[in-house]
Amino acid sequence: MLFIYFHGMIIKYAEYTASYVDVKKCPEAKLPEFSFIGRSNVGKSSLINSLCGRKALSKVSKTPGKTQTINFFDINHRFNLVDLPGYGFAKKSKTQRDQWDNMIRNYILHREQLRYVALLIDARIPPQQSDLDFCNWMGKNNVPFIILFTKSDKPGSREVITNTQNFNNRLLENWTALPPSFITSAVSNYGRESVLDFIHQAVEEYYQGGDRLSL
Ligand code: GDP
């Protein structure tokens, strides 16, 4: 008989459950949460689909910034993947931006189940002030987060290396240590296993070693 040891997480179940506009209305779920955020058009929907191995789990929107809801996905009945609305969409009105600000601050600072925020950064463009500001805000508030550099279809290219290094260097102007970061592509699935391994470990830590085989 052949035994195959799989290191990491197999996603057997991934389903959209619900959307909320108000963090107070979010369910009192016992599952830990892993939340995804980034500027509109950063490739968030595509990466969520790639990580979960589903083509259209998170709808790839053609109108960036349109949805302002907190979207929940149940993964393996083991943790919730939470898709947060994007920031930095130029066409948003001040009222929309204030609403976003309120929603995100409330969710990130007060959501008990939140284990990690995954901040998505486009590896094809130079560091953006809005991304740096968001990192610094999370750092100041002791929010555990990881960085997922997106759209790295050519991970070893000069463009990706320069942009990611420049981003890290900008962070090091304010911080002495960098958060864990991963280079990813939703097109080639590059980085997928490493990100899933990280999530798997974080979820396992949450459950403190119980029921290890069910993910
Ligand atoms: P969202 O607004 O952050 O959810 O971004 P989407 O997932 O809708 O993607 C925005 C655009 O970037 C779309 O045109 C995608 O096809 C494209 N995109 C997303 N991920 C990748 C990637 O890994 N590589 C490339 N080349 N394009 C991507």
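Here the structure is a predicted model, which is why all the values come from computation and not from measurement.

### What about the pairing of strand β2 (residues 33-38)?
Right, so step 1: Across the six residues that make up β2, a large majority, six, are buried.
Right, so step 2: Burial along β2 is two-sided: the face carrying Glu33, Ser35 and Ile37 and the face carrying Phe34, Phe36 and Gly38 are both buried.
Right, so step 3: The pairing of β2 with strand β4 (residues 79-83) spans four bridges and is classified as parallel. By the bridge assignment, Phe34 is partnered in β4 with Leu81.
Right, so step 4: Pairing analysis gives six bridges linking β2 to strand β5 (residues 114-122), with the strands arranged parallel. Opposite Phe34, over in β5, you have Tyr116 as the bridge partner.

### Description of the site of the ligand
Right, so step 1: Close contacts around the ligand come from 14 residues, with Lys44, Ser45, Ser46, Asp153 and Ala186 the closest.
Right, so step 2: Residue composition of the shell around the ligand, grouped by class: four nonpolar, six polar and four charged.

### Concerning the nonpolar core
Right, so step 1: Of all hydrophobic cores here, the largest spans 32 residues; its most connected members are Ile37, Ile108 and Phe134.
Right, so step 2: When near neighbours in sequence (up to four residues on either side) are disregarded, Ile108 contacts Leu84, Leu114, Val117, Phe134, Trp137 and Val143.
Right, so step 3: Listed in part, the 26 residues of the second largest apolar core include Ile48, Leu57, Val195 and Val203.

### Focus: helix α5 (residues 192-207)
Right, so step 1: Taking 1.5 Å as the rise per residue, α5 with 16 residues should run 22 Å; its terminal C-alpha atoms sit 23 Å apart, in good agreement.
Right, so step 2: The complete set of buried residues in α5 reads Arg192, Val195, Leu196, Phe198, Ile199, His200, Ala202, Val203 and Glu204.
Right, so step 3: In the core, the buried residues of α5 are packed alongside β2, α1 (44-52), β4, β5, β6 (145-150) and β7 (181-183).

### Here's the deal with the environment of Gly88
Right, so step 1: Its place among the elements puts Gly88 in the loop between β4 and α2 (94-110).
Right, so step 2: Taking relative accessible area as the criterion, Gly88 reaches 54% and is therefore assigned exposed.
Right, so step 3: In this structure the C-alpha to C-alpha distance between Gly88 and Ser130, which are 42 residues apart in sequence, comes to 6.8 Å.

What counts and how
Residues numbered from 1 in each chain as written. Predicted model: local features only at pLDDT ≥ 70, side-chain atom pairs only at ≥ 80, totals over all residues. Heavy atoms only, no water. Buried < 20%, exposed > 50% of the residue type's maximum accessible area, 1.4 Å probe, protein only. Helix = DSSP H or I, 4+ residues; strand = E, 2+ residues; numbered from the N terminus. Pairing = 2+ DSSP bridges. Near = heavy atom within 4 Å. Nonpolar A, V, L, I, M, F, W, Y, C, P; charged D, E, K, R; others polar. Core = buried A, V, L, I, M, F, W, Y, C linked by side-chain atoms within 4.5 Å. Contact = heavy atoms within 4.5 Å. Expected span 1.5 Å × (residues − 1).

Function-wise, these values are silent; they only describe arrangement.
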